[in-house]
2 protein chains.
Amino acid sequence: MKIIADAFGGDNAPLAVLEGCRMAADKLPGVTIVLAGERERILECARKSEISLDGMEILDAPRVFEMDFDPVSILRENKDTSMGAGLRALADKEADAFLSAGSTGALLVGATLIVKRIRGVRRAAIGAVLPTAKKPFLLLDAGANSECTPEMLENFALLGSIYSARVLGVEKPRVALANIGEEANKGDSLRQETYARLKENRSIHFIGNIEARELPQGACDIAVTDGFTGNMLLKLYEGMGKMMKGNLEALFKRNVFSYLGAAMVLPGLKALKKQMDYKEYGGAPLLGINGVVIKAHGSSNATAIYHAVRQAEQCVKSDMTETIKTNLMKRSEP
Amino acid sequence: MKIIADAFGGDNAPLAVLEGCRMAADKLPGVTIVLAGERERILECARKSEISLDGMEILDAPRVFEMDFDPVSILRENKDTSMGAGLRALADKEADAFLSAGSTGALLVGATLIVKRIRGVRRAAIGAVLPTAKKPFLLLDAGANSECTPEMLENFALLGSIYSARVLGVEKPRVALANIGEEANKGDSLRQETYARLKENRSIHFIGNIEARELPQGACDIAVTDGFTGNMLLKLYEGMGKMMKGNLEALFKRNVFSYLGAAMVLPGLKALKKQMDYKEYGGAPLLGINGVVIKAHGSSNATAIYHAVRQAEQCVKSDMTETIKTNLMKRSEP
């Protein structure tokens, strides 16, 4: 299996990408990493930081897609960037998956225009997996589409259901609509119309509205929302997790007794910190694209990149794209 | 100073309201509590639970405004409910403030139609104060208006600035627009148009867009958003706080060493739990109403009600309503 990594996407590229890919190459047998980006710069970074590129390939792409570029330019003026070239190689079936920690907008537009959508998909959505007190849940759309219609949200519910059941292995995943109250008439017109649609949709297991306070309790398997709200929730989740980690660290750094206290709960403390760390959750797939495309966190370190590669591997192994295709067709039949 | 409490608002009414008001009556000299609700039921609850009503008054109102009532009905068919009668008494200047843990929608409509808006205010907004790693910040609108225009968000920024500076005592409060990216062109059209307006507004100290992950870091004093997004953020904040508390408790309940560990960090642990507990933050004022109206959390216990009374007292003491009036006029002058 070949997985292309955008060597120049993200705040810590290319070093974190190279380090993370090295971890992946060592730990994931059967995965060949292809680093997309300017060959000379990749080799130089590897040499300087003494990272072996053994067993990896390079997809030479002379330029970098900068954050302030117009996303649509990835089709023409910027098709020779690491992101543009990587997506093109995926579309041409030269690899099985592509991942990037670069611009979300460019990745979305590039994936949609170059790799294309699966037939029957209105818009691709970012599916983020988030921790809860029980098992994790899927939040989508986590940031691909700022303005959504009820039809789009219904489509996301279906995409999420297939991904959750077939790739994440959740049995009969519970779909909820993220809203400001439980009753059917709550929220803005987008929520009210979406509620009516989801309620009638027999291809999903809709459990009604969910308030944001219930999300960390694991009250649903899939939370459906527009990309604006989803992105706000995703980032607040991340920010609260960070504050929590900071608070815990501060708690145990007060005095010698606190140090002793920390030592006594160390295993639990480590598990707790790990639970709240987005880096453990890897990237988020672009659901609805005709190929495996993973968005890694912009500030990914090596561990986060490693987990994003691992997630790409899982998506390929579970045949995510074909599974979505087949199931979309099946569920759309009368 | 007279503060009316809706004795029948909230999940734990009337008991929690009576207990919280008793605490307030004992701890806040100069505050007279007026309990709004059916006299007999209030007296019966007080008798059964042995709560002294010494020093308190009762505003007899025979009915309760149920959660599924149409909010607008508070004006006519339901004006004799505890919420309707309380708001009427506030409008008639028989008291200085009104608080309720009942239906947000009814409280908003009732406050707007009965107590009325301050001149120059487009819509009242709920201002919620949330904890951060540093000092708390004001989130508005936290749930009053699901669908907003750029003009409304600009108005919220102004209301929030006055409240933050004059009531919360923040010097030159930093206003940020809650958005999915830092750049001016990020977000949906509502965010883009609001950004342009806030940037030009010389009456506020606008520091640009803020991503949700920065909120718990205390990166702004006021986060402006529409009521739908604000309510989602508020409730996720609450839910994450709850998960955090649960995790901490579980961490220290594993074995005898964990108990010892907890004992060694007890003061810090208590402070941390307190920091994350919404009950410590009392209620949220309806900003822009021509009188002090406080929305307490629907599931308020006695402590939360006490803090909501305390907050009402602060708003009255700082002359919130007049301050907003004067400043709105001043800032609207050319």
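Structure: above.
An account of the accompanying structure is given in this report.

This part covers the overall build of chain A. On a plain count of helices and strands, chain A comes out with 11 helices and 12 strands. In chain A, buried positions account for 58% of the 334 residues. A sequence separation of at least 24 residues applies to 69% of the contacts in chain A between residues at least 6 apart. By element, 49% of the accessible surface of chain A is carried by carbon and sulfur atoms, the whole surface being about 13,700 Å².

Let's shift gears to the sheet that holds strand S8 (residues 174–178) of chain B. Residues and elements named next belong to chain B. If you walk across this open sheet you meet the 5 strands as S6-S7-S10-S8-S9, and the pairing is mixed. Two strands bound the open sheet, and with one partner strand each, they are strand S6 (128–130) and strand S9 (205–210). Each adjacent strand pair in this sheet contributes to an overall mean axis angle of 30 degrees, direction not counted. Pairing of S8 with S9 involves 4 bridges; the strand directions are parallel. Residue pairing in the sheet places arginine 174 in a bridge with histidine 205 of S9. Lying on the sheet, helix H5 (residues 150–166) is in contact with strand S7 (137–140), S8 and strand S10 (222–224); it crosses S10 at an angle near 165 degrees.

If you walk through the whole model with that rule in mind, you get 34 salt bridges over all chains. Between glutamate 57 of chain B and lysine 2 of chain B there is a salt bridge, with the nearest N and O atoms lying 3.0 Å from each other. Linking glutamate 57 of chain B in strand S3 (residues 57–60) with lysine 2 of chain B in strand S1 (residues 2–6), this pair joins segments that are 55 residues apart in sequence. The class of glutamate 57 of chain B is partly exposed, set by a relative accessible area of 33%. Since its relative accessible area comes to 28%, lysine 2 of chain B is described here as partly exposed. Note that glutamate 211 of chain B and arginine 213 of chain B form a salt bridge whose closest N and O atoms lie 3.5 Å from each other. Owing to a relative accessible area of 12%, glutamate 211 of chain B belongs among the buried residues under this scheme. Ionic contacts of the salt-bridge type, sharing partners, join the residues Glu211 and Arg213 of chain A together with Lys235 and Glu238 of chain B into one network.

One recurring pattern in soluble globular proteins is that nonpolar side chains are buried together. Leu87 and Val293 of chain A together with Leu87 and Val293 of chain B are the most contacted members of the largest nonpolar core, which has 88 residues in total. Excluding residues within four positions of it along the chain, leucine 87 of chain A makes contact with Ile74, Phe98, Leu107, Gly110, Ala111, Ile114, Val115 and Val293 of chain A.

With that settled, consider the sheet that holds strand S10 (residues 222–224) of chain A. Residues and elements named next belong to chain A. A sheet is described by the order of its strands in space; here 5 strands give the open sequence S6-S7-S10-S8-S9, paired in mixed fashion. The sheet is open, and its two borders are formed by strand S6 (128–130) and strand S9 (205–210), each paired with just one other strand. Between one strand and the next, the sheet's axes are offset by a mean angle of 30 degrees, whatever the strand orientation. The pairing of S6 with strand S7 (residues 137–140) spans 3 bridges and is classified as antiparallel.

Right, let's talk about the packing of helix H5 (residues 150–166) of chain A against helix H6 (residues 189–200) of chain A for a bit. Residue and element names in this part refer to chain A. At a minimum axis separation of 9 Å, H5 and H6 run at an interaxial angle of 50 degrees. Viewed along their axes, H5 and H6 adopt a mutual orientation that is oblique. Of the two possible hands of crossing, H5 and H6 adopt the one that is right-handed. Contact residues: H5 offers Pro150, Glu151, Leu153, Glu154 and Ala157, while H6 offers Leu190, Glu193, Thr194, Arg197 and Leu198. When the residues that make up the contact of H5 with H6 are grouped by side-chain class, the tally is 5 nonpolar, 1 polar and 4 charged.

Residue and element names in this part refer to chain A. Residues Ala97 and Leu99 of strand S4 (residues 97–100) are buried on one face, and the alternating residues Phe98 and Ser100, pointing to the opposite face, are buried as well. Two elements, strand S1 (residues 2–6) and S4, share 3 bridges in a ladder whose sense is parallel. In the sheet register, alanine 5 faces S4, and the bridge partner there is leucine 99. Judged from the 4 bridges that link them, S4 and strand S12 (residues 292–295) form a sheet pairing that is parallel. Opposite alanine 97, over in S12, you have valine 292 as the bridge partner.

Under the definition given, this model contains 6 aromatic pairs over all chains. With a centroid separation of 5.3 Å and 75 degrees between ring planes, the pair formed by tyrosine 195 of chain B and phenylalanine 206 of chain B is classed as edge-to-face. Highlighted residues: tyrosine 195 of chain B in helix H6 (residues 189–200) and phenylalanine 206 of chain B in strand S9, separated in sequence by 11 residues. Summarising the burial analysis for this pair, tyrosine 195 of chain B and phenylalanine 206 of chain B share the class buried. Over the face of the ring belonging to tyrosine 306 of chain A we find lysine 27 of chain A, whose NZ or CZ atom lies 4.8 Å from the ring centre.

What counts, and at which threshold
- Residues numbered from 1 in each chain as written.
- Chains lettered and ligands numbered in written order.
- Predicted model: local features only at pLDDT ≥ 70, side-chain atom pairs only at ≥ 80, totals over all residues.
- Heavy atoms only, no water.
- Helix = DSSP H or I, 4+ residues; strand = E, 2+ residues; numbered from the N terminus.
- Buried < 20%, exposed > 50% of the residue type's maximum accessible area, 1.4 Å probe, protein only.
- Contact = heavy atoms within 4.5 Å.
- Areas by Shrake-Rupley, 256 points an atom, 1.4 Å probe, with all protein chains shown as cover.
- Pairing = 2+ DSSP bridges.
- Axes fitted to C-alpha atoms, helices over the stretch in contact; angles between N-to-C directions.
- Salt bridge = Lys/Arg side-chain N within 4 Å of Asp/Glu carboxyl O.
- Core = buried A, V, L, I, M, F, W, Y, C linked by side-chain atoms within 4.5 Å.
- Parallel < 35°, antiparallel > 145°, perpendicular 65-115°, else oblique.
- Left-handed = near helix turned anticlockwise from the far one by under 90°.
- Nonpolar A, V, L, I, M, F, W, Y, C, P; charged D, E, K, R; others polar.
- Phe/Tyr/Trp six-rings, centres within 6.5 Å; stacked < 30°, edge-to-face > 60°.
- Lys NZ or Arg CZ within 6 Å of the ring centre and 35° of its normal.

Without other data, these values stay purely geometric and don't point to any function.
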